[in-house]
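# Remarks on the overall topology
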Amino acid sequence: MAFAPSLDELVPENHFVRIVSKTVDELGIEEVFAKYTKGGGASRYNPVMLVKVLIYCYMTRTYSSRQIAKQCRENVKVMWLTGFQKPDFRTINKFRSEKLKDTIEEIFIATVQLLNKKGYVSLEKYFVDGTKIESAANKYTFVWKKAVEKNEKKLDEKLKVFLNDVEEITRKEDQVYGDKDFAETGNDDPVTSEDIKEAAEKIKQRLAEINDRDADESKDVKKKLKKAKRQIETDYLPRKTKYEKAKATFKGRNSYSKTDEEATFMRMKEDHMLNGQLKPGYNIQVGTENNFVIGYDVFPNPTDTRTFIPHLENVQNRLKCKFKTVIADAGYGSEENYDYLEEKEITGIVKYPSYEKETKRSFKKKIFNAENWKYDAEQKEYTCPCGNPVPYKKTVTKKNESGYMQTYEVYRCDNCEGCPFRALCTKSEYGRMVQRNEHWLEQKAKVKELLATYEYKKLMKKRSTECETVFGQIKGNLHFRRFYLRGNEKVGTEWGLLMIGYDFKQLARMMNA
């Protein structure tokens, strides 16, 4: 008599699903979920089991909650994980959206600590890079900061005229009452929603005062005030409130999406229309060591330069470690970032944006590039290709968007008039101007010196096989180019599942090697 095989017999001994189950068990994450469990009875499904299902499904290109629920009913490997339990898509989605957003970070940290314990990572070197992933928001739901500011300015101008007109109406009706009852609106201060509410309340009070009057003049004023009150309530106040809400939502960004307010419109590499269209998305920062992901962060900021410091701080605080060496591409090279690495005593193998150009022979042949000009430090003076002096004019100190202070010197040539090379040298009507940042030049010299050594040159070369491999696997092999959930926390949950799964796959490769 033949017996049907058990589920355990249908899953090969070295299959990836077994490694997922075994590794999650090693993490000991039961206590993590216990911290976030509220009273009201036990869950029908073990959260550890659901974590295993989500990690395995994400690593097998199954991201939709309905498709994951289907896998629990039909896929032998997933059924082996669930033990024949069949959570529906609502259970899976609620667990992923609500429960995991509080715990995914701790599960990832436990994964990195396990890798460190097993000797796969030392937490000394950190290869960092970023990529942009499209949000689940509609691509045509944009709100632009410049448009909001422009429209709000127009509304403010209209409101000042409107409030002055209302004040004039009441002043004519009753000279006693009309002694500057409304706020002064002739200055350049913006009108706020509170100012509009205050004006509406005063109109309401004024209407109550003249309600019993029978004079034709009072009736005319009453009619005008009622119209003004209606215009405030149906037009001016809603628009002003909308603009103020939009400004509060930007949080230093230039745009956001109406259907995912934490997503920012940014340029993606996946540009199928080839028109450079901006799409709502997130800037994902990932750090690796020995091809294992040991840190990640989700930022709404599209530029890598401004994410570098907060990302390093976040990762080192989570892992309670201090990196000795950080390796990154030219997108992270800035005066502020180099100062941070020096202050924290971290060796930074980070190219600056123009590094590749400056190391080519053709760069030295560009005679109109000021960096190739002769500079006299004592006289504080450049000499242009025509032999004219370009003397020092002033020192400028400015603050960038993150609050970092930069100081540079300004030099300007006074002999550009009549110069045969002027058209090739400058388009300015005031003559050729040069900015010199001594501190930045010193930093660039240190970077060149570091990258000239064999050890650091080797590390920089290795960078392309570290983080780029992660993005290639996730976006290329797993076809994950768009998030399924909305909001920074939920997006972080999805990316955390992918990073944990990626580390599990890398662990499986090393174990089977």
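Residues numbered from 1 in each chain as written. Predicted model: local features only at pLDDT ≥ 70, side-chain atom pairs only at ≥ 80, totals over all residues. Heavy atoms only, no water.

### Describing the environment of Ser193
Within the secondary structure, Ser193 sits in helix H9 (residues 193-209). For the pair Ser193 and Arg239, spaced 46 residues apart in sequence, the C-alpha to C-alpha distance is 9.1 Å. Residues within four places of Ser193 in sequence aside, it is in contact with Leu237, Lys240, Thr241 and Glu244. Reaching out from Ser193, the side chain makes a polar contact with the side chain of Glu244 at a distance of 2.7 Å. (Helix = DSSP H or I, 4+ residues; strand = E, 2+ residues; numbered from the N terminus. Contact = heavy atoms within 4.5 Å. Polar contact = N/O pair within 3.5 Å; in protein donor to acceptor, adjacent residues only side chain to side chain.)

### Regarding a nonpolar patch on the surface
On the surface, a cluster of nonpolar side chains totalling about 330 Å² of accessible area is made up of Tyr140, Phe142 and Trp144. Note on placement: Phe142 falls in strand E2 (residues 142-144). (Patch = residues over 30% accessible without salt bridge, like charges linked within 9 Å, V, L, I, M, F, W, Y side chains within 5 Å. Areas by Shrake-Rupley, 256 points an atom, 1.4 Å probe, with all protein chains shown as cover. Salt bridge = Lys/Arg side-chain N within 4 Å of Asp/Glu carboxyl O.)

### With respect to the side chain of Ser65
Position of Ser65 relative to the elements: it lies in helix H5 (residues 65-74). The class for Ser65 is buried, based on a relative accessible area of 9%. (Buried < 20%, exposed > 50% of the residue type's maximum accessible area, 1.4 Å probe, protein only.)

### Brief notes about the packing of helix H2 (residues 16-27) against helix H18 (residues 488-512)
The contact between H2 and H18 brings their axes to 10 Å, and the two run at 110 degrees. With respect to each other, H2 and H18 are oriented roughly perpendicular. The two elements H2 and H18 meet at a crossing, and its hand is right-handed. Taking contact as the criterion, the partners of Phe16, Ile19, Val20, Thr23, Val24 and Leu27 in H2 are, on H18, Gly501, Phe504, Lys505, Leu507, Ala508 and Asn512. For the contact of H2 with H18, a count of residues per class yields 8 nonpolar, 3 polar and 1 charged. (Axes fitted to C-alpha atoms, helices over the stretch in contact; angles between N-to-C directions. Parallel < 35°, antiparallel > 145°, perpendicular 65-115°, else oblique. Left-handed = near helix turned anticlockwise from the far one by under 90°. Nonpolar A, V, L, I, M, F, W, Y, C, P; charged D, E, K, R; others polar.)

### A word on helix H7 (residues 89-117)
Helix length check: H7 (29 residues) gives 36 Å between terminal C-alpha atoms against 42 Å at 1.5 Å per residue, more than 12% under. At Leu100, H7 shows its maximal bend, which comes to roughly 70 degrees. At the exit of H7 stands Gly119, carrying a positive phi of roughly 90 degrees. (Expected span 1.5 Å × (residues − 1). Bend = angle between axes of the 7 residues up to and from the residue.)

### Concerning the sheet that holds strand E12 (residues 405-412)
Ordered by their spatial adjacency, 5 strands build an open sheet running E9-E10-E11-E12-E13, and the pairing between neighbours is antiparallel. Only two strands of the sheet have a single partner each, and these edge strands are strand E9 (374-376) and strand E13 (433-436). Within the sheet, the average angular offset between the axes of one strand and its neighbour, ignoring direction, is 35 degrees. Pairing between E9 and strand E10 (residues 381-383): 3 bridges, direction antiparallel. Each bridged residue has a counterpart across the sheet, and for Asp376 the counterpart in E10 is Glu381. (Pairing = 2+ DSSP bridges.)

### A short note on the side chain of Lys240
Position of Lys240 relative to the elements: it lies in helix H10 (residues 216-250). The class of Lys240 is buried, set by a relative accessible area of 1%. Contact partners of Lys240, with chain neighbours within four places excluded, come to Glu152, Leu155, Asp156, Val191, Thr192, Ser193 and Ile196.

### As for H9
With 17 residues, H9 extends 25 Å from end C-alpha to end C-alpha; this agrees with the ideal 24 Å at 1.5 Å per step. Among all positions in H9, only Ser193, Ile196, Ala199, Ala200, Lys202, Ile203, Arg206 and Leu207 are buried.

### Side note on the state of the cysteines
With the rule as written, the count across this model stands at 0 disulfides. Not engaged in a disulfide, the cysteine Cys386 finds its nearest cysteine sulfur in Cys419; these two sulfurs lie 3.8 Å apart. Cys386 gets classed as partly exposed once you look at its relative accessible area, which sits at 34%. Left unpaired, Cys416 is separated from the closest cysteine sulfur, that of Cys413, by 3.8 Å. The exposure class assigned to Cys416 is buried, which follows from its relative accessible area of 10%. (Disulfide = S-S within 2.5 Å.)

### Details of the environment of Thr426
If you trace the backbone, Thr426 turns up in the loop between helix H15 (422-425) and E13. Setting aside anything within four residues of it in sequence, one finds Thr426 in contact with Gly431 and Arg432. Within the local environment of Thr426, its side chain forms a polar contact with the backbone nitrogen of Ser428, the two atoms lying 3.1 Å apart.

### Some thoughts on the nonpolar core
Residues Trp495, Leu498 and Met499 are the most contacted members of the largest nonpolar core, which totals 95 residues. Looking at this core, the element that brings in the most residues is H7, giving 11 residues. When neighbours within four sequence positions are excluded, Leu498 is seen to be in contact with Tyr58, Met59, Tyr63, Ile474, Leu478 and Phe480. Membership of the second largest hydrophobic core comes to 23 residues, among which are Leu155, Ile196, Ala246 and Phe250. (Core = buried A, V, L, I, M, F, W, Y, C linked by side-chain atoms within 4.5 Å.)

### With respect to unusual backbone geometry
Despite not being glycine, Lys320 has its phi angle at roughly 55 degrees, a positive value. Looking at the secondary structure, you find Lys320 in the loop between helix H11 (308-319) and strand E7 (325-328). Judged by its relative accessible area of 73%, Lys320 falls in the exposed class. Here His479, not a glycine, exhibits a phi torsion of approximately 55 degrees, which is positive.

### Some details on the pattern of salt bridges
Considering all chains together, one arrives at 31 salt bridges under this definition. Of the charged contacts in the structure, one is a salt bridge between Lys247 and Glu152, with a shortest N-O distance of 3.0 Å. With Lys247 in helix H10 and Glu152 in helix H8 (residues 145-173), this pair connects stretches of sequence that are 95 residues apart. By relative accessible area, which is 43% here, Lys247 ends up partly exposed. A residue is classified by how much of its surface remains accessible, and Glu152, at 8% relative accessible area, is buried. The network of salt bridges with common partners includes Glu152, Asp156, Lys240 and Lys247.

### A look at the confidence of the model for the protein chain
In this model, the protein chain carries an average pLDDT of 87, and 90% of its residues clear a pLDDT of 70 or more. Model confidence for the protein chain, summarised as mean pLDDT per element, is weakest for helix H3 (residues 30-35) at 77 and strongest for strand E6 (residues 292-299) at 96. (pLDDT = per-residue confidence, 0-100.)

### Description of the environment of Met79
Secondary-structure assignment places Met79 in helix H6 (residues 76-82). A sequence separation of 13 residues divides Met79 from Ile92, and the C-alpha atoms of the two residues are 15 Å apart.

### A word on the pairing of E6
Most of E6 sits out of view: 8 of its 8 residues are buried. Pairing between strand E5 (residues 278-289) and E6: 7 bridges, direction antiparallel. The residue bridging Glu289 from the neighbouring strand is Phe292, located in E6. Linkage of E5 to E6, two consecutive antiparallel strands, is achieved through a turn of 2 residues, within which Asn290 is found at a positive phi near 55 degrees.

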